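# Remarks on the overall topology
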Amino acid sequence: MMKKGEEKRQDKEIELDSNKKNLQKLDDDDEYDYITTPPDGGFGWVVLIACFFINLIVDGFLYAFGAISEDLKKNFQCSELSVSLVISLACGFYLLSAPIASALCNKWGCRPIGIIGSIIASLAVASSIYSPNIYIMWLLFGFIGGIGMGLVYLPSIVMVGYYFEEKRAIATGIVTAGTGIGSITFGPLSRFLFNALGWKYGLVILSAILLLCAFCCAFMIPLKPVRKRRIIQSTEIHDDVFPATTTSPLLNEKIEPQPLTKQVSIHKSNPSINDEATEEILPKRARAGSAISAKSRQSIKADDAARPLYKEDVLYQGDVTKLPEYQSQPDIPTYVQETTKVPETKDKTSMKSFWDVFLSMTNFNLLNDKKMVIICVANVCSMIGYYTPYLFIVKYATTERKIQETSAVFLLSLIGFTNTASRFGSGWITKIPYMSPLLVNNIGLTVAGIATLLVPYCYTYTLLIIYCVVWGGFIAFHVSLSPVIVCQIVGLERYSSALGLTLMFRGITSLTAPPVMGFIRDITSSFDVSFLIGGISFIASALMHFALMWINHKEKRTLQKNNAIKTEVVA
């Protein structure tokens, strides 16, 4: 009897010990996250070069359409409206595919999606030479080709944010320079191929160049997640002593922390860092106030850490080191940990990672914010005139100003040249005192609009050269600074959603604006009205952005007034 009792007691002790170990393991799992720390160099430079060539090929191909559209118009005996629909469909679905492309990249990775997109785009463009009419050309070149190019382009943007953090601004500048260089080279190249081989063989060669993007996508290797202990920052423990730095709802306003004790910030990046190494590099002061394990959310699993679109800043193309979220963290691994957000759901499905991103990038609730509405409408206005110079400047020069075709094609190259230079320079200009990204953007739109309004008065080749130089340089400020402006308005946490909505509005406008401009050309037999409408649209967009500046200034003054009242009450 005693023997049976002893055995029962031992079994109970073993069961309790087993439960204790399981609980300890569960608690240990809650203590850690898996993260992917960008190397900010190394193999990242190889990925960067690959992404540069993707931008060069895809954007260069699209922007060069104006140099070859006349061949399609003659072959299919169609109107300017009909041939403009080919490129408008391509550009429209290229932008509209962003939410789906993002979701696919998050589910299956950038490399396979980029390769598949390259193959789709190449085959669609190549097969379009067999189109019996312009309608099939819309389907193959425009709809299918546009989606394919969107599936290639989006991964190239994601991988820059995935591999670079502190050097993000430099990396983004290099990659987006591919767009300008593509505009410089693809216009003359396309015209040479079409003249030498005919439009069909020329288009096949261009589709083969598109296929090279698949080779570039092969270098998009995902980073290996590493473990890092979860901590609560001192700002979360002693809010009265270390108030948190957050993204301000006001543009260009940053609410700085006012610590009583000086904090040490060491931002070091190491792609192979583990949790022990991370613990060592954290300053003692930060670690002393951060020793409590975070239990407010589920820990980040290795599979989720490798999914790039769970990082809130992965699509951000500005200087990450200027973000309040970055400046409030002691090091890069902690910043990555705090900005990697995996939505929690009760019912997890195999497609959860897809729907998480897709629903986030199509979150129309953001339109409840009046400033977000202004941004979207302003982008619609700017896109109305954006493609007009790319599509019509060559035709305008040859048909209405009687300039030789070989000379007219180089107008596109001039746009690309100044566009590239301005994209590089925009970051430096915004560092000048009082030259905020929003102000620089507004100046760019205003000058581009005025220059476009004056195109009907450009009677000589020299004046057209001046227009292309001015327009290409100033419109680049709007294109390169738009992501920064969006982030400053809505904050990093809602940035992906806001960017998705902005691209959707741009995509819808791209579907409609070029055909409307082509229709106006058909009924007026001149491109003058199209350029006038384009100029007005740029100025309208600038006025809306100026209104945004006024709203921000008004909110800032109200906030300062309220803070002054609170200070008087406390005193």
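It should be emphasised that the depicted structure is a prediction, and the values quoted were computed from it without experimental measurement.

### Focus: the overall build of the chain
Helix and strand counts for the chain stand at 22 helices and two strands. Looking at the chain as a whole, 54% of its 571 residues are labelled buried. By sequence separation, contacts in the chain at least 24 residues apart represent 85% of the contacts at least 6 residues apart. Of the accessible surface of the chain, which amounts to about 25,400 Å², a share of 65% is contributed by carbon and sulfur atoms.

### Focus: the pattern of salt bridges
Evaluated as defined, the whole model comprises 13 salt bridges. Through salt bridges that share partners, Glu-70, Lys-73, Glu-80 and Lys-395 make up one connected network.

### Things to note about unusual backbone geometry
Backbone geometry follows two general trends: most residues other than glycine have a negative phi, and most peptide bonds adopt the trans configuration. Its identity is not glycine, yet Gln-77 carries a phi of approximately 50°, on the positive side. Tracing the chain through its elements places Gln-77 in the loop between helix 3 (65-76) and helix 4 (80-96).

### Details of helix 5 (residues 98-108)
Helix 5 sits mainly inside the fold: nine of its 11 residues count as buried. Along its buried surface, helix 5 packs onto helix 4, helix 6 (110-127), helix 7 (134-163), helix 16 (352-361) and helix 21 (495-524). Looking at the residues trailing helix 5, positive phi occurs at Gly-109, about 100°.

### Examining helix 21
Given a rise of 1.5 Å per residue, 30 residues ought to cover 44 Å, and the 42 Å separating the end C-alpha atoms of helix 21 matches this to within 8%. If you look at helix 21, its biggest bend is around 30°, right at Ser-510, and the proline Pro-514 turns up within four residues after that. For helix 21, the buried fraction is high: 21 of the 30 residues fall into the buried class. Just past helix 21, the residue Ser-525 takes up positive phi, approximately 60°.

### Observations regarding the nonpolar core
Membership of the largest hydrophobic core comes to 141 residues, with the highest contact counts inside it found for Phe-61, Leu-203 and Leu-315. In contact with Leu-203, not counting residues within four places along its chain, are Phe-61, Val-125, Ser-128, Ile-129, Met-137, Phe-141 and Phe-194.

### Structural notes on the packing of aromatic side chains
Evaluation of the coordinates by the stated rule reveals 27 aromatic pairs. Here Tyr-162 and Tyr-163 contribute two aromatic rings whose centre-to-centre distance is 6.0 Å and whose plane-to-plane angle is 75°, an arrangement assigned as edge-to-face. Between Phe-354 and Trp-355 the ring centres are 5.0 Å apart and the planes differ by 90°, which places this aromatic pair in the edge-to-face class. A relative accessible area of 10% means that Phe-354 is categorised as buried. Classification of Trp-355 as partly exposed rests on a relative accessible area of 42%.

### Observations concerning the confidence of the model for the chain
A residue-level look at the chain finds 83% of positions with pLDDT of 70 or above and a mean pLDDT of 84. By mean pLDDT, helix 12 (residues 284-288) is the weakest element of the chain at 32, and helix 6 is the strongest at 97. Scored below 50 in pLDDT, residues 20-28 shows two contacts in the model against residues more than four places distant or in partner chains. Below a pLDDT of 50 lies the segment residues 233-296, which in the model reaches 132 contacts outside its immediate sequence neighbourhood of four places, other chains included.

### What about the packing of helix 19 (residues 437-453) against helix 20 (residues 461-490)?
One way to put it is that helix 19 packs onto helix 20 with a least axis distance of 8 Å and a crossing angle of 150°. Judged by the angle between their axes, helix 19 and helix 20 are roughly antiparallel. Handedness of the crossing formed by helix 19 with helix 20: left-handed. Of the residues in helix 20, those in contact with Pro-437, Leu-438, Val-440, Asn-441, Ile-443, Gly-444, Leu-445, Val-447, Ala-448, Ala-451 and Thr-452 of helix 19 are Tyr-467, Val-470, Trp-471, Phe-474, Ile-475, Phe-477, His-478, Leu-481, Ser-482, Val-484, Ile-485 and Gln-488. Considered class by class, the residues forming the contact of helix 19 with helix 20 number 17 nonpolar, six polar and no charged.

### Quick word on the environment of Leu-359
Relative to the assigned elements, Leu-359 resides in helix 16. Classification of Leu-359 as exposed rests on a relative accessible area of 53%. Placed 141 residues apart in sequence, Leu-359 and Gly-500 show a C-alpha to C-alpha distance of 9.9 Å.

### Comments concerning the pairing of strand 2 (residues 226-229)
Residues of strand 2 alternate between two faces, with Val-226 and Lys-228 buried on one and Arg-227 and Arg-229 left unburied on the opposite face. Here strand 1 (residues 32-35) pairs with strand 2 via four bridges, running antiparallel. Bridge pairing links Tyr-34 to Arg-227 in strand 2.

### Here's the deal with a nonpolar patch on the surface
A grouping of Ile-450, Leu-454, Tyr-457 and Tyr-459 is seen on the molecular surface, where their side chains present a nonpolar patch of about 470 Å² in accessible area. With respect to the helices and strands, Ile-450 occurs in helix 19. On the accessibility criterion, Ile-450 (45% relative accessible area) is partly exposed.

Conventions we followed
- In this numbering scheme, every chain counts its residues from 1 along its sequence in written order.
- Predicted model: local features are reported for residues with pLDDT of at least 70 only, side-chain atom pairs are reported and counted for 80 or more only, and whole-chain, interface and lining totals are derived from all residues.
- Calculation of side-chain values draws on the structure's entire complement of heavy atoms; hydrogens and water are dropped beforehand.
- Where helices and strands are cited, they refer to DSSP runs of H or I of at least four residues and of E of at least two residues respectively, numbered from the N terminus.
- Note on classification: 1.4 Å probe, protein chains only; a residue is buried when its accessible area is under 20% of the maximum for its type, exposed when over 50%, partly exposed between these limits.
- A contact between two residues is defined here by any heavy atoms of the two lying within 4.5 Å.
- Note that accessible areas follow from Shrake-Rupley with a 1.4 Å probe, and for residues the cover is restricted to the protein chains shown.
- Any Lys or Arg side-chain nitrogen located within 4 Å of an Asp or Glu carboxyl oxygen qualifies as a salt bridge.
- Working rule for helices: expected span equals 1.5 Å times residues minus one.
- Think of it this way: the bend at a residue is just the angle between two axes, each fitted to seven residues, one set ending at that residue and the other starting at it.
- In this text, buried Ala, Val, Leu, Ile, Met, Phe, Trp, Tyr and Cys residues form a nonpolar core when linked through side-chain atoms within 4.5 Å.
- Paired rings are identified among Phe, Tyr and Trp, the last through its six-membered ring, by centres lying within 6.5 Å, and are further divided according to the angle between planes into stacked (under 30 degrees), edge-to-face (over 60) and tilted (the rest).
- The predictor rates its confidence in each residue with pLDDT, a number between 0 and 100.
- With axes taken as lines fitted to C-alpha atoms, and helix axes fitted only over the stretch in contact, angles between N-to-C directions fall between 0 and 180 degrees.
- Roughly parallel refers to an angle under 35 degrees, roughly antiparallel to one over 145, roughly perpendicular to one between 65 and 115, and oblique to any angle outside these ranges.
- A crossing counts as left-handed when the near helix is turned anticlockwise from the far one by less than a right angle, and as right-handed when that turn is clockwise.
- Polar here means any residue outside two lists: the nonpolar Ala, Val, Leu, Ile, Met, Phe, Trp, Tyr, Cys and Pro, and the charged Asp, Glu, Lys and Arg; Gly therefore counts as polar.
- If DSSP finds at least two bridges between two strands, the strands pair.
- Put simply, a patch holds well-exposed residues, over 30% relative accessible area, that have no salt bridge, with like charges counted together within 9 Å and Val, Leu, Ile, Met, Phe, Trp or Tyr side chains within 5 Å.

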